[in-house]
Amino acid sequence: MIRTHRCGELQKAHVGQTVTLSGWVDGRRDHGGILFVDLRDRQGLTQIVFDSEEQPAAHQIASHVRNEYVIEISGTITLRPDDSVNPHLPTGEIEVRATTITILNEAKPLPFTVEDDVQASESIRMKYRYLDLRRPKMQGLLALRSHASQQIRNVLHSKGFVEIETPILTKSTPEGARDYLVPSRVNPSEFFALPQSPQLFKQLLMVGGVDRYFQIARCFRDEDLRLDRQPEFTQIDLELSFVEQEEILTLTEHLIRDVFYHTKGIQLQDSFPRYTYDEVMARYGTDKPDLRFALPLENLSEFSQSSDFKVFRTTVETGGMVKGLVIKGGAAFTRSRVDHFVDIAKDFGAKGLAWVKILENWKLDSVIAKFLNAETLQRFLPNAEPGDLLLCVADTPTIVHQVLGRLRTYFGEELTLIQTDNWAPLWVLDFPMFEYDDASGRYISLHHPFTSPARDSIPLLDTAPLNVRAQAYDLVLNGFELGGGSLRIHSATLQQHVFDLLGIQKDEAREKFGFLLEALELGAPPHGGIALGLDRLMMLLGKTESIRDVIPFPKTQKAQCPLTEAPSPVDPSQLQDLFIQSTWKSTDS
RNA sequence: GGGGCCGUCGUUCAGCCAGGUUAGGACGCCAGAUUGUCAAUCUGGAAGUCGCGGGUUCAAAUCCCGUCGGCCCCGCCA
């Protein structure tokens, strides 16, 4: 019997029982005749007492024990003396007086100590991730993710969804992210791709009459990493037939609310605020705003048209715009601090950043004050008051939104405007169907090529593609894109039409997506769905610094596994089997 | 592909700006002491290719150039 109980579950009620516990030595305090060991397992800590007079043999063995040794002990649970109770420990009222101890495994001194407030850097933690995972905090995050997955399955099963696995070895598709490729041994010079998402398969499942599908699906994208992006990640992927947008939004809200409530007891609002793409861009300069703080972009284009400041006026006259941020209390900032903001704005892509300090009685302090009419300005800035700082960018709408959107985020953090215990989910709706890509000189999908245009904008496909709205939606939480989806095209004709617009040649469409077009011709129901990033969801729910904290074995920014050191060279014979030869020439040869 | 921050005993940091002792502290580790600790304590000890390569210099952890690695960001991510 290696154990009868778990450390961490032992309470006053167990006093008098004889127990066997196994776990890791979390700490050791040797007082000579008496020796304390904190024994740790996933559940928690229990103090073990070794007394040299009561149990000299056990005490003798215990004196050789070191941190992270794996041991098994037996003994009796006793109440601690009154003055030795540890109120910081759930098991602090009791201890186990050991009669026997077995060392199950020794451990060399560790590269870093296993404790929640780790001193070790992330790279050393990652190299010894299995030690890092012993920390209660990491155990908690693993358990949280498990609970969330269970909850997701519960909710979706109760709503009639069928959980289905789709292929990992699949077909490379044009557009989208770079594929991870897998060579086929039996088909020389041909390759599978790892799925960027199960998109096409879930649509085919709808054609297959599955009606409601979900999968907690691993996805792969060979793109550069970020704090919220890993090359392999997990999506909560779902698809429904005979469905409209409203049903998907409501269902998703239900799912997210349930996960928050049942894993962390957090009550999110009944329905999430909805904004159009145009609204969030205009108001926050980004399609994934963090609504835990206000700080909206103020439109000063109309004001600028009538102003004497030439830069503002001509920008607006030539199709640009002027927008600003009102920083509460910012008039008190030093000149050097304001200059720093100007530098940051330039880093973000602005040509310049105009600043205006609003003083007592709306007296303006600014190098451009003489061009500005304070009374008029006040009318356009109902939220501004004396003591505030106005920061303006005049440029094309794209630049203005990009710069102010990023400045807004910067100030949210810099001025600690973010209410960090708050949750701010929102929907972004009515995305444009296409954007124009200057590099390739053609239209590209904002979402993906299978997204259905809104019914009333179908006529615009040929006349004004950029004005076509997609039936697509993104779920945003605290400034992160949690997921997105759309109603799909279920007509082969319309799908072909969209491929044409995207410049995908007929034969290419046939070759890459022929199976989809054919399926759409054979009785495809109207359908749509959504995919939510499980890793990002867990990062937010777990309040962690990065997505890596909720992935047990994440990759570094160079997309390598610091623990196994994958990827790595392979034996030439393996390449031979696959008919593959590297063209790589190292730069020093 | 580009910008930024970082790299010094096992770990984490100081030292670098302004070059010059035996590169220092904390935690950990090792040995001894210690019968109520829980960040135990006390005494003693070991432990460093200052990421790597080159340059400047009488002399480089320190200055310069390059390079590798980690992180953040831009590009990229239908």
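Above: the structure in question.
These notes cover the structure that comes with them. (Residues numbered from 1 in each chain as written. Chains lettered and ligands numbered in written order. Predicted model: local features only at pLDDT ≥ 70, side-chain atom pairs only at ≥ 80, totals over all residues. Heavy atoms only, no water.)

1. Considerations on the protein's contact with RNA strand B
As a reminder of what qualifies: Nearness is judged by heavy atoms alone; a residue qualifies as near a molecule or strand once a single heavy atom is within 4 Å of it. Counting of polar contacts relies on pairs of N or O atoms within 3.5 Å, with two restrictions inside protein: one atom must be capable of donating a hydrogen and the other of accepting it, and residues adjacent in sequence are counted only when both atoms are side-chain atoms. Secondary structure counts use DSSP, requiring at least four H or I residues in a row for a helix and at least two E residues in a row for a strand, with both numbered from the N terminus.
Taken together, the neighbourhood of RNA strand B is formed by 47 residues, with Glu53, Ser84, Glu95, Ser445 and His447 sitting nearest. Restricting the count to atoms of RNA strand B within 4 Å of the protein gives a sugar and phosphate share of 48%. A distance of 3.0 Å is found between a phosphate oxygen of RNA strand B and a side-chain nitrogen or oxygen belonging to Arg548. Elements that contribute at least two residues to the surface near RNA strand B include exactly β1 (18-30), β2 (34-41), β3 (44-51), β5 (94-105) and α2 (122-127). Here the surface near RNA strand B takes three residues from α2, the largest share from any one element.

2. Some remarks on the nonpolar core
Applied cut-off: Put simply, a nonpolar core is a bunch of buried Ala, Val, Leu, Ile, Met, Phe, Trp, Tyr and Cys residues held in one set by side-chain atoms that sit within 4.5 Å of each other. In this scheme, a residue with accessible area under 20% of its type's maximum is buried, one over 50% is exposed, and one in between is partly exposed, where area comes from a 1.4 Å probe on protein chains only.
Leu238, Ile256 and Phe260 are the most contacted members of the largest nonpolar core, which has 40 residues in total. Going through the elements one at a time, α4 (136-158), β10 (232-241), α6 (245-264), β17 (425-429), β20 (472-477), β21 (480-487), β22 (527-533) and α16 (534-541) are the ones with two or more residues in this core. Membership of the second largest hydrophobic core comes to 31 residues, among which are Met281, Val468, Leu502 and Leu520.

3. Concerning the packing of aromatic side chains
Selection rule: Each aromatic pair joins two rings of Phe, Tyr and Trp (for Trp, the six-membered one) with centres within 6.5 Å, and gets the label stacked for planes under 30 degrees apart, edge-to-face for over 60, and tilted for any other angle. A ring has a charge above it when a Lys NZ or an Arg CZ is no more than 6 Å from the ring centre and no more than 35 degrees off the ring normal.
In the structure shown here, the tally under the stated rule is 17 aromatic pairs. The interplanar angle of 80° and the centroid separation of 5.0 Å between the aromatic rings of Phe260 and Trp423 together place this pair among those described as edge-to-face. In this pair, Phe260 sits in helix α6 while Trp423 sits in the loop between α12 (397-414) and β17, placing the two residues 163 residues apart along the sequence. These aromatic residues form a ring-pair network of at least three members: Phe333, Phe341, Tyr410 and Phe411. Sitting above the plane of the Phe293 ring, Arg408 keeps its charged end 4.1 Å from the centroid.

4. Structural notes on α12
Filter applied, for reference: Expected helix span is taken as 1.5 Å per residue step, with the number of steps being one fewer than the number of residues. Two residues qualify as a contact provided that any one of their heavy atoms is within 4.5 Å of a heavy atom in the partner residue.
Counted at 1.5 Å a residue, the expected span for α12 with its 18 residues is 26 Å, and the 25 Å between its end C-alpha atoms agrees. Regarding α12, the residues found buried are Val400, His401, Val403, Leu404, Gly405, Leu407, Arg408, Tyr410, Phe411 and Gly412. Tucked into the core, α12 has its buried residues touching α7 (277-284), β13 (321-327), α10 (335-347) and β16 (389-395). Immediately downstream of α12, the backbone of Thr416 shows phi near 40°, a positive value.

5. Here we look at helix α15 (residues 506-520)
Where we set the bar: The angle between axes fitted to the seven-residue stretch ending at a residue and the seven-residue stretch beginning at it gives the bend at that residue.
With 15 residues, α15 should reach 21 Å at 1.5 Å per residue; the first-to-last C-alpha distance of 16 Å falls well below that figure. Bending of α15 peaks at approximately 85° at the position of Phe513. The complete set of buried residues in α15 reads Ala509, Phe513, Gly514, Leu516, Leu517, Ala519 and Leu520. Tucked inside the fold, the buried residues of α15 contact α5 (199-207) and α14 (492-501).

6. Comments concerning the sheet that holds strand β12 (residues 298-299)
This is how it is decided: When DSSP finds two or more bridges between two strands, those strands count as paired.
If you trace the five strands from one edge of the open sheet to the other, you get β12-β13-β16-β14-β15, paired in antiparallel fashion. Edge strands, defined here as strands with exactly one partner in the open sheet, are β12 and β15 (364-365). Inspection of the sheet shows strand β14 (residues 354-358) paired to β16 by four bridges, in the antiparallel sense. Pairing of Ala354 across the sheet is with Cys392, part of β16.

7. Here we look at the layout of surface pockets
To keep things clear, this is the line we draw: Cavity means a closed set of points on a 1 Å grid over the protein atoms alone, one where a 1.4 Å probe fits but cannot get out, pocket means an open set with protein on both sides within 12 Å along at least 5 of 7 lines, and lining means a residue has an atom within 4 Å of a point. Grid points are joined across faces, edges and corners, and a volume is the space filled by probe spheres set on the points. Here the nonpolar group is Ala, Val, Leu, Ile, Met, Phe, Trp, Tyr, Cys and Pro; Asp, Glu, Lys and Arg are the charged ones; every other residue, Gly included, is treated as polar.
Here the second largest pocket defines a volume of roughly 530 Å³. As for the second largest pocket, its lining consists of 14 residues, and the residues nearest its centre are Tyr277, Met281, Thr398, Pro432 and Glu435. If you list the elements that add at least two residues to the lining of the second largest pocket, you get α7, α12 and β18 (434-437). No other element matches the four residues that α7 contributes to the lining of the second largest pocket. Each residue belonging to the lining of the second largest pocket can be placed in one class, and the counts come to nine nonpolar, two polar and three charged.

8. With respect to the packing of α5 against α15
Packed helices, taken two at a time, are described by the angle between their axes plus the distance between the axes. Just so we agree on the cut-off: Helix axes use the C-alpha atoms of the stretch in contact, all axes being lines fitted to C-alpha atoms, and the angles between their N-to-C directions lie in the range 0 to 180 degrees. Comment on the angle field: the value is read as roughly parallel under 35 degrees, roughly antiparallel over 145, roughly perpendicular from 65 to 115, and oblique elsewhere. The crossing is said to be left-handed when, going from far helix to near helix, the turn is anticlockwise and less than a right angle, and right-handed when the turn is clockwise.
In contact at an axis separation of 10 Å, α5 and α15 are set at 25° when each is read in the N-to-C sense. The angle between α5 and α15 places the two elements in the roughly parallel class. In this structure, α5 meets α15 at a crossing whose hand is left-handed. Contact with α5, carried on its side by Leu200, Gln203, Leu204 and Val207, involves Phe513, Phe515, Leu516 and Ala519 of α15 and no other residues of that element. Counted by class, the contact of α5 with α15 contains seven nonpolar, one polar and no charged residues.

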